[in-house]
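# Breakdown of the fold
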Amino acid sequence: MSHYYSFIVHFLSFFLLLTTLPCHRFLTEAAGTGGRWELLQENIGITAMHMQLLHNDRVVIFDRTDFGRSNLSLPNGKCREDPTELVLKTDCTAHSVEYDVLTNTFRPLMVQTNVWCSSGAVMPDGRLIQTGGFNDGERKVRVFNPCSTCDWKEVGDGLKARRWYATNQILPDGKQIIIGGRRQFNYEFYPKTSAPDVYSLPFLVQTNDRGIENNLYPFVFLNTDGNLFIFSNNRAILFDYKVAKVVKTYPTIPGGDPRCYPSTGSAVLLPLKNLQQPDIEAEVLICGGAPKGSYTEAGKGNFVKALDTCGRIKITDANPQWSIETMPQARVMGDMILLPNGDVLIVNGAGEGTAGWEYGRTPVLSPVIYKPNNAVKSRFEEQNPSAIPRMYHSTAILLRNGRILVGGSNPHINYEFGNDVMFPTELRLEAFYPPYLDTVKNNLRPKIISPTSNKASIGYNEKLVIRFKVTDTVIPNTVSVTMVAPSFTTHSFSMNQRLLVLGNEKVTNVETTSYDVEVITPRSSNLAPSGFYLLFVVHQGIPSEGIWVQIK
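The following refers to the structure shown. Owing to the predicted nature of the structure, the values given are computational and were not obtained by experimental measurement. (Residues numbered from 1 in each chain as written. Predicted model: local features only at pLDDT ≥ 70, side-chain atom pairs only at ≥ 80, totals over all residues. Heavy atoms only, no water.)

If you walk through the whole model with that rule in mind, you get 7 cavities of 30 Å³ or more. As a volume, the largest cavity reaches approximately 240 Å³. Forming the walls of the largest cavity are 23 residues, and the residues nearest its centre are Val122, Ile170, Ala485, Pro486 and Phe532. Those elements that place two or more of their residues in the lining of the largest cavity are strand E2 (50-53), strand E8 (119-122), strand E12 (167-170) and strand E42 (531-539). Of all the elements, E42 adds the most residues to the lining of the largest cavity, at 3 residues. Broken down by class, the residue content of the lining of the largest cavity amounts to 15 nonpolar, 7 polar and 1 charged. Reported here for the second largest cavity is a volume of approximately 90 Å³. (1 Å grid on protein atoms, 1.4 Å probe; cavity = no way out; pocket = protein on both sides within 12 Å on 5 of 7 lines; lining within 4 Å. Points joined across faces, edges and corners; volume = space filled by probe spheres on them. Helix = DSSP H or I, 4+ residues; strand = E, 2+ residues; numbered from the N terminus. Nonpolar A, V, L, I, M, F, W, Y, C, P; charged D, E, K, R; others polar.)

Before going further, it helps to examine the state of the cysteines. Going through the model one piece at a time under the given rule, you end up with 3 disulfides. Across a sulfur-sulfur distance of 1.8 Å, Cys79 and Cys92 are joined as a disulfide pair. Taking the torsion about the S-S bond as the criterion, the Cys79 to Cys92 disulfide, at about 90°, is right-handed. Of the two residues, Cys79 is situated in the loop between strand E3 (58-62) and strand E4 (80-81) and Cys92 in the loop between strand E5 (90-91) and strand E6 (96-100); the sequence distance between them amounts to 13 residues. You can call Cys79 partly exposed: its relative accessible area is 28%. In this structure Cys92 comes out as partly exposed when scored by relative accessible area, which is 33%. Each disulfide of the chain joins two cysteines, and with those cysteines numbered along the sequence the arrangement is 1-2, 3-4, 5-6. The closest cysteine sulfur to the non-disulfide-bonded Cys117 is located on Cys260, 15 Å from its own sulfur. (Disulfide = S-S within 2.5 Å. Buried < 20%, exposed > 50% of the residue type's maximum accessible area, 1.4 Å probe, protein only.)

Laid out in C-alpha cells, this is it:
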C-alpha cells in the first residue's frame, strides 16, 4: 500500500506541521438545525474500522491486527500467535468486539489473520462472511455466526485472488460477488461457482490512476434488472456479471474528479419505490471526495479542500445523465446512511485532504440530512455537530431503533492514544439521533404490534398486513412501510445497503389508535436479495422502531 510506506518519508514533516499550527486549525464549527448526540461507550478498546449489524441486534466491529496492542485484552489469557505478523508475533489484545445494542455492552472477539481494509456481507441465513485483508489475511474467508457466545471462525484461503480494498455485493441467488482490490482488476464469487475462479474486469484497469489508484472500494449496487452498477474513480458501468459483459456505460461524473478510495467520497442507492410497476426506477447518489491530485499534494503537506458536490443519476434511464448538487460543506471520508424514512444521512469525514495516514485535516463535525424527494436546492439540512472528530477509518451504521451508531477514526499507522498527535486513535462509540427521534414527535411515531415475532419470515410478491399503533390521527396517504438491508460499512462505503418502499395498498382503522396497513412484498430477489431486513412503519416521515424480517 503506497501510503503505508510513504508514511516514513513524511513522518518528520508531519510533526513539524503539528508543532507549528494551532489546534483550532483542525476543527470546524457549525450550527446545526436538528438531531442530537449521545456518548454510548467511552472506550471499546479498539477503533471501529469495520462494522456490521446482525439480526440479533449485535454489531460486529473490527479494525486490523497490525496496529499494535489495543486497549482490550483477549479473555481467559488467550493470545494470538502469528509468525507472519509485521508488528507483534504474539498479541494478547483484541482487534474485534461484539457490541450488544440492547444492553450497551461489548465483549472481545478473536480474529486470527489480518482483516485490515477488508470487506464482507451477510448471507441469507444471517452469517457474516468476511473476506480478504492484508498480509496473511489477503485470501482468507472468516465467518461469524450471530449468537451470544460465538467467535470468529477462519475457513482458510477461500479466495483465489488477493482481496485488499475490495467490495462485496450479495447477488439475487444469495452468493457474494467480490470485486476488485489493490492491483486486482477482476472479480470472483463466494461460495465458488464453476471455473474459472477469477474473472477479468477491464473497467477496473481503465479507472486505475497509476500510483494513486482511486479505483479501490468501488461503489457497487444491485440494479433492479439484476445487473450491477459499478462506479470506480469517476466513471460507472452497468455490468452483467453472469456473462462478463458491460451492458451500459454511464457518462463521467461532471468535473471528472475521483470519488473512490483514496479520494474517498461515499454513495447510496436511493430508495426503490413503486415496486409493483413493470419498470422500477433506480437512482444513485454520490457525495464528496477529493479533487484530482489531492493525495499527492497531501504527501507534500498541502491539504486541498475536499469536494462539496453530489452527483445524482437515474441508472435505469435509457439516456442517463448526472445532475450535480452542492452540499453545505466540503467532505472527504464521509459516510452515507439510508434512514428508515428514505432520507440520507451524511456524517463523519474531513474538509481537506484525502484518505491515508495523516492525510486528512479539518474534521467536519456536523452531519447533513439529504431529502431526495425535496425540490433541488432544498434537499440538505445541516444537523447539530458531534464533539468527536471522525477522520480516516471511521464508520456509521443504522440501528433498529432508528439511531445511527458512529465509531472509529485512526489516521495513524499504529494505535496512538496520547495527546501528542493531531487526532488520537478514537475508541469511543456514540449515537446520532436524527430529528425524527425528537420526543415532540412521539404522538406521530408508530409502534408495530404485529407481526409480533421478531425475525418474521416473509415471501416474495405476497400480501403483508402490519398492525401498528399511533397516538395521533392517521392520514392514510402519509403511511408507508420500508425495508432496509443492514450494511457492511468500512472506508466510507456501506456495502449492500438497500431501502425498499413497500408503499401502502390500504390503511384500515381497526381500533381507536390501532391501524392495519396492507402492502405487497418485493416481487423478486433482483429487488431484495433473500436475507434479513429491518422493517419500519413510517407515518408522516416518522419511523417506528424496526422489526427484523427474513425474506426468502
